[in-house]
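# A structural walkthrough
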Amino acid sequence: MILEKKKEIEKVLKEEKAASVLLVCGNSFRRQALYQELCAYVKEAGARLTEFSDFAPNPKYESVVEGVRTFLEHQCDFLIAAGGGSAMDVAKCIKWFWNMDPETLYLKQEIRNNEIPFLTIPTTAGTGSEATRFAVIYYEGNKQSVAHVSGIPKYVLLEPSLLLSLPEYQKKATMLDALCHALESYWSVNATEESQSYAARAIQEVFRWKDAYLANKPEGNAGMLLASNTAGQAINLTQTTAGHAMCYKLTTLYGLAHGHAAALCVAALWPYMTAHTEDCIDPRGASYLREMFQNLARVMDCENAEAAVEKYRAFLQELALEVPVLRDEEEMELLKHSVNPDRLKNNPVLLRTETLERLYRQILRGAETIR
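The structure contained in this document is the topic of the report that follows.

Criteria and thresholds
Residues numbered from 1 in each chain as written. Predicted model: local features only at pLDDT ≥ 70, side-chain atom pairs only at ≥ 80, totals over all residues. Heavy atoms only, no water. Helix = DSSP H or I, 4+ residues; strand = E, 2+ residues; numbered from the N terminus. Rg over C-alpha atoms; globule rule 2.2 N^0.38 Å. Buried < 20%, exposed > 50% of the residue type's maximum accessible area, 1.4 Å probe, protein only. Pairing = 2+ DSSP bridges. Disulfide = S-S within 2.5 Å. Phe/Tyr/Trp six-rings, centres within 6.5 Å; stacked < 30°, edge-to-face > 60°. Lys NZ or Arg CZ within 6 Å of the ring centre and 35° of its normal. Salt bridge = Lys/Arg side-chain N within 4 Å of Asp/Glu carboxyl O. Expected span 1.5 Å × (residues − 1). Contact = heavy atoms within 4.5 Å. Core = buried A, V, L, I, M, F, W, Y, C linked by side-chain atoms within 4.5 Å. Axes fitted to C-alpha atoms, helices over the stretch in contact; angles between N-to-C directions. Parallel < 35°, antiparallel > 145°, perpendicular 65-115°, else oblique. Left-handed = near helix turned anticlockwise from the far one by under 90°. Nonpolar A, V, L, I, M, F, W, Y, C, P; charged D, E, K, R; others polar.

## Some points on the overall build of the protein chain
- Along the protein chain, the regular secondary structure elements total 14 helices and 8 strands.
- Computed over its C-alpha atoms, the radius of gyration of the protein chain comes to 21 Å, within 12% of the 21 Å expected for a compact globule of 371 residues.
- For the protein chain, the spread of C-alpha atoms along the principal axes amounts to about 60 × 45 × 40 Å.
- A total of 371 residues make up the protein chain; the buried ones form 57% of that total.

Below, the structure is given as structure tokens:
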């Protein structure tokens, strides 16, 4: 349920008979006016508030364990996450792990449904995590994807004022993350009419609101938050594809924001796929794939797939984001072998290792001169 007004938080807390609330948030959220309002809502509802901020971007399993300990110690019965993807991931895992055996690795145990009410307040318009059943944490340095339907929040507050203080680069990168979620969901092998409806709406809303959003206008921020949420609903049904699978190593090697890296990958991946539909691995076949790309072009108000790709690339160019430079062939080896094969199964066109190298060389400046 998307709350229409901030004040509804107090109403929800009362309806859920919350007695002890755990707020999972980063330090930046405490500088927002909404933080003080939220504290007041909890107090007015007659509940206690405990805060948990002992986590970092790309949160570690150990942080979640500490969060679970805090949740149990304060006998919490209501969970709020305010922040970006990391805060959402930590809160989801707390919700999943709190009723497990603490003597056994939580990641090895089966997630059981529980009735802990969960409210999320995204502070960026990009991850769509407030609409998905997925979370990512790191255990012993390795990425762990966790998923369960009970991770989808019961309540969501989309508050435009939270985006006002975002740095320009972060605004651009998170918007691109939302757009890539929608695009990848649309062409995923798992796509359905329902998921493509969400994805199409998100794509159109990103282009509708991009200028007002980048100008930090309230209506633009509100529109982009809703676009991101809608894209999240799409990937909740389909997951992402090769664009996201390829982007993770780019972020660590070159210090790019996640959405920035994903957008660069999609710019190379999309035209490759439209030109190689004969390598279709979607069970619906190559003819479906060609028709799907044509339908996607219509979603973007373009005549054909090639025009849709050009519209996307022009949009990316307008944002004037840096394109990293390949420094040596060792980096290329790291890149082309970094892609999770399981994520490629969602991609509608077969991508071999040599194809991934070809795409990375298109993405990176100077890559063709290094051999």
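There is more to say after this.
## Here we look at the pairing of strand β7 (residues 142-147)
- Pairing geometry for strand β6 (residues 134-139) and β7, over 6 bridges, is antiparallel. By the bridge assignment, Ile 137 is partnered in β7 with Gln 144.
- As consecutive antiparallel partners, β6 and β7 are separated by 2 residues, and within that stretch Glu 140 has a phi angle of approximately 50 degrees, a positive value.

## A short note on the state of the cysteines
- Evaluation of the coordinates by the stated rule reveals 0 disulfides.
- Looking at Cys 93, it has no disulfide partner, and the nearest cysteine sulfur is the one in Cys 76, 16 Å off.
- Left without a disulfide partner, Cys 247 is nearest to the cysteine sulfur of Cys 265, which lies 5.7 Å away.
- Judged by its relative accessible area of 0%, Cys 247 is buried.

## Observations regarding the sheet that holds strand β1 (residues 2-3)
- Read from one edge to the other, the open sheet built from 6 strands follows the order β1-β8-β5-β4-β2-β3, with strand pairing classed as parallel. The open sheet is flanked by β1 and β3 (48-52), the only strands paired with a single partner.
- Where strand β2 (residues 20-25) lies against β3, 5 bridges are found, and the strand directions are parallel. Within the sheet, the bridge partner assigned to Val 24 lies in β3 and is Phe 52.

## Regarding the packing of aromatic side chains
- Going through the model one piece at a time under the given rule, you end up with 10 aromatic pairs.
- Look at Trp 187 and Trp 270: their rings are 5.6 Å apart centre to centre, the planes differ by 55 degrees, and that puts the pair in the tilted class. With Trp 187 in helix α5 (residues 168-187) and Trp 270 in helix α9 (residues 258-275), this residue pair connects regions lying 83 residues apart in the sequence. Just as Trp 187 is buried, Trp 270 falls in that class too.
- An aromatic cluster of three or more residues is present, and its members are Tyr 61, Phe 97, Tyr 106 and Tyr 139.
- Over the ring of Tyr 248 we find Lys 143, and its NZ or CZ is 3.8 Å from the ring centre.
- For Lys 171, the ring lying beneath its charged end belongs to Tyr 213, and the centroid distance is 4.2 Å.

## Description of the pattern of salt bridges
- Taken as a whole and assessed by the stated rule, the structure comprises 18 salt bridges.
- Note that Glu 51 and Arg 30 form a salt bridge whose closest N and O atoms lie 2.7 Å from each other. Of this pair, Glu 51 sits in strand β3 while Arg 30 sits in the loop between β2 and α2 (33-44), placing them 21 residues apart in sequence.
- Overall, Arg 30 belongs to the partly exposed group, its relative accessible area being 27%.
- Here Glu 357 and Arg 361 are joined by a salt bridge, their closest N and O atoms 3.0 Å apart. With Glu 357 and Arg 361 both in helix α14 (residues 353-363) and 4 residues apart, the pair spans about one turn of that helix. Arg 361 shares its class with Glu 357; the two are buried.

## Some remarks on helix α10 (residues 286-299)
- The terminal C-alpha atoms of α10, which comprises 14 residues, lie 20 Å apart, in line with the 20 Å expected from a rise of 1.5 Å per residue.
- Listed in full, the buried residues belonging to α10 are Tyr 288, Leu 289, Met 292, Phe 293, Leu 296, Ala 297 and Val 299.
- On the buried face of α10, the contacting elements are α5, α6 (193-214), α9 and α11 (305-318).
- Two residues or fewer past α10, Asp 301 is found with a positive phi of approximately 60 degrees.

## Here's the deal with the nonpolar core
- Counting residues in hydrophobic clusters, the biggest one holds 77 residues, and the most contacted among them are Leu 183, Trp 187, Trp 270 and Tyr 312.
- Sequence-distant contacts of Trp 187, defined by excluding residues within four places in its chain, comprise Thr 241, Val 266, Leu 269, Trp 270, Met 273, Met 292, Phe 293, Leu 296, Asn 347 and Pro 348.

## A short note on the packing of α9 against α11
- Two elements in contact, α9 and α11, have axes separated by 10 Å at closest approach and are oriented at 165 degrees. What the angle tells us is that α9 and α11 run roughly antiparallel. Judged by the sense of rotation from one axis to the other, the crossing of α9 with α11 is left-handed. When α9 is examined against α11, the residues Ala 263, Leu 264, Val 266, Ala 267, Ala 268, Trp 270, Pro 271 and Thr 274 are found in contact with a partner set consisting of Ala 305, Ala 308, Val 309, Tyr 312, Arg 313 and Leu 316.
- Here the residues of the contact of α9 with α11 are counted per class, giving 12 nonpolar, 1 polar and 1 charged.

## Here's the deal with the environment of His 148
- Looking at where His 148 falls in the secondary structure, it is placed in the loop between β7 and β8 (155-157).
- Here the alpha-carbon distance between His 148 and Thr 132, two residues 16 residues apart in the chain, equals 9.1 Å.
- Beyond its immediate chain neighbours, meaning those up to four positions away, His 148 contacts Trp 96, Ile 111, Asn 113 and Arg 133.

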